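# Structural characterization, general
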Amino acid sequence: MAKCQGQGWLFYATLLLGWAVSVHGLTRAEFFPFGKTTGDHVLEQGNDLSQQLALDKPVLFYDGKFDNIFINTNGFVAMAQPSAESTYLGKMPAGFGMIAALHGDLDTGDGVGKVYYRQDASPATLRQAAEQINRAFPEDDEVEPEHAVVVTWVDVASRQHHDHSRGDGLEKQRNSFQLVIASAETTSYAILLYPRKGMQFASTAVGGSSQAMQAGFSKGLVNYLVFSTRQGPYYRITTERETSVRALAEETNSGKRGVWVYEIGTSPYFTSVAPGEVTDLPPDTGLESRVSEEATSKRYPGGGQQVTYSPYEPEEEVYRKEQPHQGPHHGGQFTVHTVQYQPQVVVVDDGDINVDVFSYNSETCANNRNKCSTFADCKDYASGYCCHCRPGYYGNGIQCVSEGKPQRMNGKVNGRVYVGNSPSPVEFNSNDLHSYVVANDGRAYVAISTIPARLGPSLQPLSALGGVIGWAFALEQPGYKNGFSIIGGEFTCQAEVTFLPAQEKLTIKQVFSGIDEHDHLVVSTTLEGRVPEVLRGSTVQIEPYSEIYQYSSNLITSSSTRDYTVSLDDGSAETRTYQWRQTITFQSCPNDEAARAVLPTQMLSVDQVFVMYDSNNELIRYAMSNKIGDVNGEKEENSCFTGRHGCDTNAVCRPEQGTQFTCQCAAGFTGDGRSCYDIDECREIPLACGEHSVCNNQPGTFRCECNDGYQFASDGHTCIVDHCAAGSHDCDITERAHCSYSGGSSYICSCLPGFQGHGRVCQDIDECQSARCHQKAVCYNTQGSFTCQCRPGYYGDGFYCSSEHTKSQCETHRDRLLGSTEYGPQPVPGQYVPTCDSQGAYEASQCHGSIGHCWCVDRNGLEIPGTRTGPVRPAVGPTPRPDVYPLPPGTHLLFAQSGRIEFVPLEGYNMKKTEAKTVLHLPEKVIIGVAYDCVEKMVYWTDITSPSISKANLQGGGAIPVIRSDLESPEGIAIDHLGRTLFWTDSMKDRIEVASLDGTKRRVLIDTNLVNPRAIIVDPVNGNMYWADWNRDAPKIETSAMDGTNRRVLVKDDLGLPNGLTYDPQSSQLCWADAGTHMIECMNPAQGDRRKAMGAIQYPFGITSHGKNIYYTDWRRDAVIMVDRQAGTETDVFLPQKQTRLYGITTAYAQCPSGKNYCAVNNGGCTHLCLATPRGRSCLCPNNALGVSCVESEGGRF
């Protein structure tokens, strides 16, 4: 929400009253009034039912206004008629506008559960809504809603529990929760209420598996380019884990347990969903009694806990008087845990209140030390505590970073910007921003990706996008401090840019969220407004400028006038000007009087400004040098203050007398200051991390990570076991039961749908005994399910059978369009023909292959407006840039493990296991294949989460996307270092492709007779390509020339699961690792002399070779294993610190292997792709080369 200055502290008093009633969890009696006596409507009982509600006043949701909403059984309110639940269950964000209060597969068909709804403008309801909103946003102007929609889901059950009588008590679990949409003239809010006793289950069945329910907001699909759409912005309250669902009743963002408030729409401009700001609560003194009330716990071996809920008893519908519920009165004292640095002395401006001061004497370091940075000390003062960074670090105590250490920033950029006189804006969402600051000389670099050419040139003057970053880490002059030293890394910057003389205005909002687990500062940026046009091909030069920063309590302001010169292609130039005003709001510590003293006015001096828009990569870059000092601009001669000191980028410059200085390596580094090297704390500090954890060294610091199956307790340090993840529970097997982690070392066992029991032992339910099928059908019971099949002579789905086969609407439509020939039905060329599912209904998504367009349809086959998509131009640009740990000289093994790539140095052929390190952190990614380009020292990898193919320079740098479009599951990857091409397999698209190393020239080589292609390697000297297809019905290993010609099967007999391939050019041996036969085998492809190299292995995945050795990754052993290929024996094992699955592995050679091919010189004379073959080379055109001058010639010598 927008922060406003100068308002009183009235709402802090309201906040205290809210805390007084929030010691215990929310009860259903504290809901907004609901039931028939309040005028509520009742939604038709059943499953996946919707009812349209016409509103007296519109709801503002994201940047839209809605006069109608749709109430749905499944725990949500939609902005349009929802599609069938099969299209959205388990999918967040949804494809339509959705407010998910608690979204899952819910049912009210048993007559117990109900969904009540109404719109309400009564003073009592609006007053109650205002109290919730104003308590959640205590620093904002008071909100007075004018209209409310109240939706209450009462005692709803999971459909799986309604459909099956399980016999294990789970059918008695029911949820109750409430959503209130409160709207003022220009803003709408969502108030979500979750009572403790009303939250009895956290997941529902989706597609045969149990998935956690979801809460959050989704704008739905939005228009993109001309004929396509893409997913719009969304906000998730819960995650994929059930613990996040249970936390809804235990935590808050409004100061009251179980109540959550969000700003969900504003007019005329909208930036993002804003959560309530009061997240801390007093301790729950009633916790022990609550546990005994809600459940009786039975302890089982291994520390698990089976929770048996008391039998369900329907509560009476709640009818309340107009007076809002104030909660029970609790006598005695209790500790209040406030928001970090909540003011301890609160001045109330309202003259009707006689209390001047509130004092929280219990706020001491003893209770809050963990709120300080790990590099800070906590100090108590008379009115509370404050955090202070230790010597060698700087910041506000909550966020501290090492002096002299470079700082990285990652974030997202969203915007809606008009260019010049254009009537339509350029919109962009979640574009990647990354920044790098050399702290010891004030140089800052900023890059933003995927900025379209229509907008990119016109953003060049806005070096101000990186201005606040430069201020935060500016080089400090004597007696002055940069932004991070004063306020740390959590603050909001709101800026207004006015371009002269036409008065175009642009607003920039940047929210800095602090340092993440990778030591990166996280920032979110939003642009809104209009900028003057800068023509394509123009360059922009920005003159040095200065900016005055004025400081007050929790507020910093600055302004400046900036000149820039636009140089056009024709050689002409024009000087332009814009005015810049910004406000920075933050939360300081009020308890240290010395720290509260008004800081002097400071001047930020910015020079060496560089801006560039890279149209090929749709990337805009800014660079600048920043110094903070005296407003008179007095210059210091000491090199530490000019930045010309020559210290290492990981060192701090220490000024001495006169012009003398010394260089000192930053904390976490060692050296003479001119050259600094990372200290491996994990190796040098015994027991740096606690039990059940591993130490992960990072540049300048280290992180402790819990082993698989463990997670951090609330103290953030102790690792506790999650028996469900670790597999140490005593629930029945996963095919019959589900283990749900419930906090601490506890878990709950529950039988899956189709089974009955108490979760530790589950037995199949024979559905055929209950006559579930039609009388003219045969019922077949299966484990956990059943099928119905109509008897011969009858037609239908088995639940209904008829002697006459009646075509459905879709089948009639389809068959009418299909002509009839002697070869069977044939469509008219270019004709769209609908697709029907197995029951004869229209498939939800229809496509027209001739034009490449797809769209969604309703149950009558009619296109849903706004859902049509077409061929989309591939997006090009960087993703957030992780740290790269530069490889030392020598040959190494590179292997993928979860969200990282690691290396093990080789000494000769042996692994130097003690020197293994993580080379690249890629959080939240699943990397499958890795390949190495020995020419440019680049590692390439495939990621199935994006999905994408990326690369990074192993000498230092960040992740660079290569291919991000038209991929589904890229797995194997190989590099031709001679022809400068990359090859990969896609196991979902079932094809093999090739592209230039920058991803621009791309061609499909093979797309037939592939089922599950994975491993792929190339032999560029001889022009051969090899790949493995682990199709369980017919696994095989194939080969072809590198242009895809002369394809043939090498091995097809006695294979099981051939996961990995490697080729040794010295011995001409092709080897593969098979997880089905548990063997490594080798052969000379030209001779066919197949032999076993190693047997009795467990579950190999990736494989590579170097000299006499083979190295492979194993899923069962979570290890890299070395095998002497000649002796057929295992000779060494490397166990990474983090025990998770290992995927692809490759050899990073110190020098490229010897050999040449016809593509190595002048691209083989080809205009585009040059691909080696055994006879020479083929020149091929990319698939996207239509209209481009490209010449093809296949297989000939050059």
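So, how was this worked out
- Residues numbered from 1 in each chain as written.
- Predicted model: local features only at pLDDT ≥ 70, side-chain atom pairs only at ≥ 80, totals over all residues.
- Heavy atoms only, no water.
- UniProt positions renumbered as here; feature names shortened; annotations may be inferred.
- Helix = DSSP H or I, 4+ residues; strand = E, 2+ residues; numbered from the N terminus.
- Expected span 1.5 Å × (residues − 1).
- Buried < 20%, exposed > 50% of the residue type's maximum accessible area, 1.4 Å probe, protein only.
- Pairing = 2+ DSSP bridges.
- Axes fitted to C-alpha atoms, helices over the stretch in contact; angles between N-to-C directions.
- Polar contact = N/O pair within 3.5 Å; in protein donor to acceptor, adjacent residues only side chain to side chain.
- Contact = heavy atoms within 4.5 Å.
- Disulfide = S-S within 2.5 Å.
- Salt bridge = Lys/Arg side-chain N within 4 Å of Asp/Glu carboxyl O.
- Phe/Tyr/Trp six-rings, centres within 6.5 Å; stacked < 30°, edge-to-face > 60°.
- Lys NZ or Arg CZ within 6 Å of the ring centre and 35° of its normal.
- Core = buried A, V, L, I, M, F, W, Y, C linked by side-chain atoms within 4.5 Å.
- pLDDT = per-residue confidence, 0-100.

The name given to the chain in an unreviewed UniProt entry is Nidogen 1, with Oncorhynchus mykiss as the source organism. Per UniProt, the comment on the chain under Subcellular location (unreviewed entry) is "Secreted, Extracellular space, Extracellular matrix, Basement membrane".

### With respect to helix α2 (residues 123–136)
It helps to recall that an α-helix has 3.6 residues per turn; residues three or four apart then point in one direction. When the terminal C-alpha atoms of α2 are compared, their 20 Å separation across 14 residues agrees well with the 20 Å that a helix rising 1.5 Å per residue should span. Looking at α2, one finds that the buried residues are Ala-124, Thr-125, Leu-126, Gln-128, Ala-129, Ala-130, Gln-132, Ile-133, Asn-134, Arg-135 and Ala-136.

### Remarks on the sheet that holds strand β74 (residues 1058–1064)
Taken in spatial order, the four strands of this open sheet run β74-β75-β76-β77, and their pairing is antiparallel. Looking at which strands have only one partner, the edges of the open sheet turn out to be β74 and β77 (1091–1094). For this sheet, the mean angle separating the axes of adjacent strands, direction not counted, is 30 degrees. Bridge analysis of strand β76 (residues 1079–1083) against β77 gives three bridges, and the strand direction is antiparallel. Counted as the bridge partner of Ile-1080 is Met-1094 from β77.

### Structural notes on the side chain of Ser-458
Relative to the elements of secondary structure, Ser-458 occurs in the loop between β27 (443–448) and α7 (467–472). For Ser-458, a relative accessible area of 2% gives the class buried. Polar side-chain contacts of Ser-458 include one of 2.9 Å to the backbone nitrogen of Val-534. With residues up to four places along the chain from it excluded, the contact list for Ser-458 reads Val-419, Val-531, Pro-532, Glu-533 and Val-534.

### Examining the sheet that holds strand β78 (residues 1100–1106)
Overall, antiparallel pairing links the four strands, which are arranged β78-β79-β80-β81 in an open sheet. With one partner strand each, in any of the chains shown, β78 and β81 (1129–1134) form the two edges of the open sheet. On average, each strand axis in the sheet is tilted by 25 degrees relative to the strand beside it, whichever way the strands run. The pairing of strand β79 (residues 1109–1114) with strand β80 (residues 1119–1124) spans six bridges and is antiparallel. Bridging across to β80, Ile-1110 finds its partner in Val-1123.

### Section: the side chain of Glu-993
Counting through the fold element by element, Glu-993 comes out in strand β68 (residues 991–996). Residue classification places Glu-993 among the buried residues on the basis of a relative accessible area of 2%. Polar side-chain contacts of Glu-993 include one of 3.0 Å to the side chain of Arg-991. Dropping the residues within four chain positions of it, Glu-993 is found in contact with Asp-966, Leu-982, Phe-983, Trp-984, Arg-1002, Arg-1003, Val-1004 and Leu-1005.

### Some words on the state of the cysteines
Summed over all chains, the structure comprises 20 disulfides. Put simply, Cys-389 and Cys-400 are joined by a disulfide, and their sulfur atoms are 2.0 Å apart. The sign of the S-S torsion, about -90 degrees, decides the handedness of the disulfide formed by Cys-389 and Cys-400: left-handed. Here Cys-400 lies in strand β24 (residues 400–402) and Cys-389 lies in strand β22 (residues 384–389), a separation of eleven residues in the sequence.

### What about the pattern of salt bridges?
Under the counting rule described, the total for this entry stands at 42 salt bridges. The residue Lys-256 makes a salt bridge to Glu-30 at a minimum N-O spacing of 2.8 Å. In this pair, Lys-256 is assigned in the loop between α4 (242–246) and β17 (259–266) and Glu-30 in the loop between α1 (10–20) and β1 (41–42), connecting sequence segments 226 residues apart. For the salt bridge of Glu-993 with Arg-1002, the shortest nitrogen-to-oxygen distance reads 2.8 Å. You'll find Glu-993 and Arg-1002 in the same group, each marked buried. What you see here is one network of salt bridges that share partners, running through Asp-966, Glu-968, Lys-989, Arg-991, Glu-993 and Arg-1002.

### Let's talk about the packing of aromatic side chains
As enumerated under the stated definition, the model contains 26 aromatic pairs in all. When the centroid spacing of 6.1 Å and the interplanar angle of 50 degrees are considered together, the rings of Phe-137 and Tyr-189 count as tilted. Of the two residues, Phe-137 is situated in the loop between α2 and β8 (147–158) and Tyr-189 in strand β10 (residues 187–193); the sequence distance between them amounts to 52 residues. The burial state of Phe-137 is the same as that of Tyr-189; both residues are buried. For the ring pair Tyr-1026 and Tyr-1063, a centre distance of 5.7 Å and an interplane angle of 20 degrees mean the geometry is stacked. On the criterion of sequence distance, the pair formed by Tyr-1026 in strand β71 (residues 1024–1029) and Tyr-1063 in strand β74 is long-range, its members being 37 residues apart. No difference in accessibility class separates Tyr-1026 from Tyr-1063, as the two residues are buried. Members of the aromatic cluster, joined through ring pairs, are Trp-471, Phe-491, Phe-512 and Tyr-549. The ring of Trp-580 is capped by Arg-562, whose NZ or CZ atom sits 4.7 Å from the centre of that ring. Between the NZ or CZ atom of Arg-1141 and the centre of the ring of Trp-1115, over which it lies, the distance is 3.9 Å.

### Quick word on the pairing of strand β36 (residues 602–614)
As judged from the five bridges shared by strand β33 (residues 545–552) and β36, these two strands associate in the antiparallel manner. For Tyr-545, the partnering residue across the bridge sits in β36 and is Val-606. By the bridge criterion, ten bridges tie β36 to strand β37 (residues 619–629) in an arrangement that is antiparallel. Considered in β37, the bridge of Asp-607 is made with Ser-625. Between the antiparallel neighbours β36 and β37 lie four residues, among them Glu-618 with a positive phi of about 50 degrees.

### Brief notes about the pairing of strand β47 (residues 747–751)
One face of the sheet, then the other: side chains in a regular strand alternate in exactly this way. Summarising burial for β47: five of the five residues are buried, a large majority. Of the two faces of β47, both are covered, the one formed by Tyr-747, Cys-749 and Cys-751 as well as the one formed by Ile-748 and Ser-750. Bridge analysis of strand β46 (residues 737–741) against β47 gives five bridges, and the strand direction is antiparallel. The partner of His-738 across the bridge, within β47, is Ser-750. Counting the residues between successive antiparallel strands, the hairpin from β46 to β47 contains five residues, one of them, Gly-743, with a positive phi of roughly 100 degrees.

### With respect to the environment of Gly-415
Note on placement: Gly-415 falls in strand β25 (residues 407–419). Spatially, the C-alpha atom of Gly-415 lies 8.2 Å from that of Thr-525, the residues being 110 residues apart in sequence. Leaving out residues up to four positions away in the same chain, Gly-415 has contacts with Val-426, Glu-427, Phe-428 and Leu-527.

### Thoughts on the environment of Asn-253
If you trace the backbone, Asn-253 turns up in the loop between α4 and β17. Classification of Asn-253 as buried rests on a relative accessible area of 3%. In the structure, Asn-253 is positioned 116 residues away from Phe-137 in sequence and 9.2 Å away in space, judged by C-alpha atoms. Once you skip the residues sitting within four places of it in the chain, Asn-253 turns out to touch Ala-136, Val-259, Trp-260, Val-261, Tyr-262, Pro-275, Gly-276, Glu-277, Val-278 and Thr-279.

### Side note on the nonpolar core
Core analysis: the largest hydrophobic core is formed by 62 residues, its most contacted members being Leu-455, Leu-462, Trp-471, Leu-506, Ile-584 and Tyr-622. In contact with Tyr-622, other than residues within four places in its own chain, are Ala-444, Tyr-445, Val-446, Ile-448, Leu-459, Gln-460, Leu-462, Ser-463, Leu-465, Phe-610 and Val-611. The next biggest cluster of nonpolar side chains, apart from the first, holds 42 residues, and it includes Val-77, Tyr-117, Val-151 and Leu-179.

### So, the confidence of the model for the chain
Interpreting fine coordinate detail is not advised for predicted regions of low pLDDT. Per-residue confidence for the chain averages 80 on the pLDDT scale, and 84% of its residues sit at or above 70. Counting interchain partners and residues more than four positions distant, the pLDDT-below-50 stretch residues 283–362 has 169 contacts. Counting contacts from residues 819–829, a segment whose pLDDT is below 50, to residues more than four positions away or on other chains yields twelve contacts.

### Points about unusual backbone geometry
In this structure, Pro-501 follows Leu-500 across a cis peptide bond, with omega equal to 5 degrees. Inspection of the secondary structure assignment puts Pro-501 in the loop between β29 (490–500) and β30 (504–515). Following Ser-946, the chain continues into Pro-947 via a peptide bond in cis, with omega recorded as -15 degrees. You can see Pro-947 is positioned in the loop between β63 (938–943) and β64 (948–953). Even without a glycine there, the phi angle at Lys-937 is positive, about 60 degrees. Along the polypeptide, Lys-937 turns up in the loop between β62 (927–933) and β63.

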